[in-house]
Amino acid sequence: MIWSKETWQQIEPVYQEIIALPFIHELKEGILPKEKFLFYIQQDALYLAEFGKVLSGIAGKLSSFEHIQAFLGFSKDTIIVEKALHETFLNESTLELKPSPTCLLYTNFMHAQLATQALPVAMASVLPCFWIYKEVGDYITEHQIPGDNPYQDWIDTYSGEEFAEAVKKAIAICDEIAETCTETQRATMTEAFVMASRMEWMFWDSAYRQEKWPV
Ligand SMILES: Cc1ncc(CN)c(N)n1
């Protein structure tokens, strides 16, 4: 079976838990309290800065010109498109922001995967960041009641054509790389994908709870 198909099957229960999150439900209905969304956007700005670095780090380790170009493009788009999104919702500087425990966990996980794991595993670790957001964006668009939603720009970004194209490309590259891997390596890729998917759940949950450092 194609690696991405069998791997999505593994995270299907996690995905179901994601779309059942109050954060996603209230975002879809446009009733998510502003302070929860602001907390999310602030943490996401910190997350995306690191995500962009990891994507360009992956590009630096790839050998196919086409793959390098794709990952450099993903990195650039992460900075440009998502910075625009944050400017829409966030008008102050992010310089003063400090990462929440979950944000730090997730960004450190990605950096560690890039630094210590084989390249296919690092690539699998960043794939949920693309794929889950596209699925969530599509889910919200399909189940949304038409009307004013203060978070529509966010929803449109992740359910849009441009993002869908990037996600398709990222999945295709991971599948191509997985084809060259042993069964053991593919299983490690899947483990990394599952772990990152759990952290996607945690990220939304932590924003809803406006997670603080316990001490
Ligand atoms: C935590 C998280 N994961 C993924 C995405 C989408 N690139 C995001 N904006 N934030």
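Residues numbered from 1 in each chain as written. Predicted model: local features only at pLDDT ≥ 70, side-chain atom pairs only at ≥ 80, totals over all residues. Heavy atoms only, no water.

Per an unreviewed UniProt entry, the recorded name for the protein is Aminopyrimidine aminohydrolase, and the organism is Rapidithrix thailandica. Turning to the protein, the UniProt annotation filed under Sequence similarities (unreviewed entry) states: "Belongs to the TenA family." The protein has a UniProt comment under Function (unreviewed entry) that states "Catalyzes an amino-pyrimidine hydrolysis reaction at the C5' of the pyrimidine moiety of thiamine compounds, a reaction that is part of a thiamine salvage pathway." (UniProt positions renumbered as here; feature names shortened; annotations may be inferred.)

S.K.: Tell me what's going on with the site of the ligand, and back it up with residues and numbers.
M.R.: Of all residues adjacent to the ligand, which total 10 residues, the nearest are D44, Y47, Y133, Y158 and E200. Here a nitrogen atom of the ligand and a side-chain polar atom of Y133 are 3.1 Å apart. At a separation of 3.1 Å, a nitrogen atom of the ligand approaches a polar side-chain atom of Y158. When the free accessible area of the ligand is taken as 290 Å², the share hidden by the protein chains comes to 99%. The set of elements that each furnish at least two residues to the shell around the ligand consists of α3 (34-61), α6 (119-143) and α9 (183-208). Looking at which element gives the most residues to the shell around the ligand, the answer is α3, with four residues. Partitioned by chemical class, the residues of the shell around the ligand number seven nonpolar, no polar and three charged. (Near = heavy atom within 4 Å. Polar contact = N/O pair within 3.5 Å; in protein donor to acceptor, adjacent residues only side chain to side chain. Areas by Shrake-Rupley, 256 points an atom, 1.4 Å probe, with all protein chains shown as cover. Helix = DSSP H or I, 4+ residues; strand = E, 2+ residues; numbered from the N terminus. Nonpolar A, V, L, I, M, F, W, Y, C, P; charged D, E, K, R; others polar.)

S.K.: Give me the lowdown on the pattern of salt bridges, citing residues and values where you can.
M.R.: One pass over the full model with this rule turns up seven salt bridges. K28 serves as the salt-bridge partner of E29, at 2.8 Å between the closest nitrogen and oxygen. Residue E29 is classed as partly exposed on the basis of its relative accessible area, which comes to 30%. With relative accessibility at 10%, the residue K28 sits in the buried group. (Salt bridge = Lys/Arg side-chain N within 4 Å of Asp/Glu carboxyl O. Buried < 20%, exposed > 50% of the residue type's maximum accessible area, 1.4 Å probe, protein only.)

S.K.: I'd like a description of α6, backed by residues and values.
M.R.: With 25 residues, α6 should reach 36 Å at 1.5 Å per residue; the first-to-last C-alpha distance of 37 Å fits that figure. Along α6, the sharpest change in direction is near 30° and occurs at V126; proline P128 comes one to four residues later. Counting buried positions over the 25 residues of α6 gives 21, a clear majority of the element. (Expected span 1.5 Å × (residues − 1). Bend = angle between axes of the 7 residues up to and from the residue.)

S.K.: Any chance you could break down the packing of α6 against helix α7 (residues 152-159) for me, citing the residues and the numbers?
M.R.: Two numbers describe how α6 lies on α7: the axes approach to 7 Å, and their chain directions differ by 120°. Here α7 runs oblique to α6, going by the angle between their axes. In this structure, the crossing between α6 and α7 has a hand that is left-handed. Across the interface between the two elements, Y133, K134, V136, G137, D138, I140 and T141 from α6 touch W154, I155, Y158 and S159 from α7. Classifying every residue of the contact of α6 with α7 gives six nonpolar, three polar and two charged. (Axes fitted to C-alpha atoms, helices over the stretch in contact; angles between N-to-C directions. Parallel < 35°, antiparallel > 145°, perpendicular 65-115°, else oblique. Left-handed = near helix turned anticlockwise from the far one by under 90°. Contact = heavy atoms within 4.5 Å.)

S.K.: Please set out a nonpolar patch on the surface residue by residue, giving values where relevant.
M.R.: A cluster of nonpolar side chains, contributed by I79, I80 and V81, occupies part of the molecular surface with about 240 Å² of accessible area. Locating V81 in the fold gives a position in helix α4 (residues 65-89). (Patch = residues over 30% accessible without salt bridge, like charges linked within 9 Å, V, L, I, M, F, W, Y side chains within 5 Å.)

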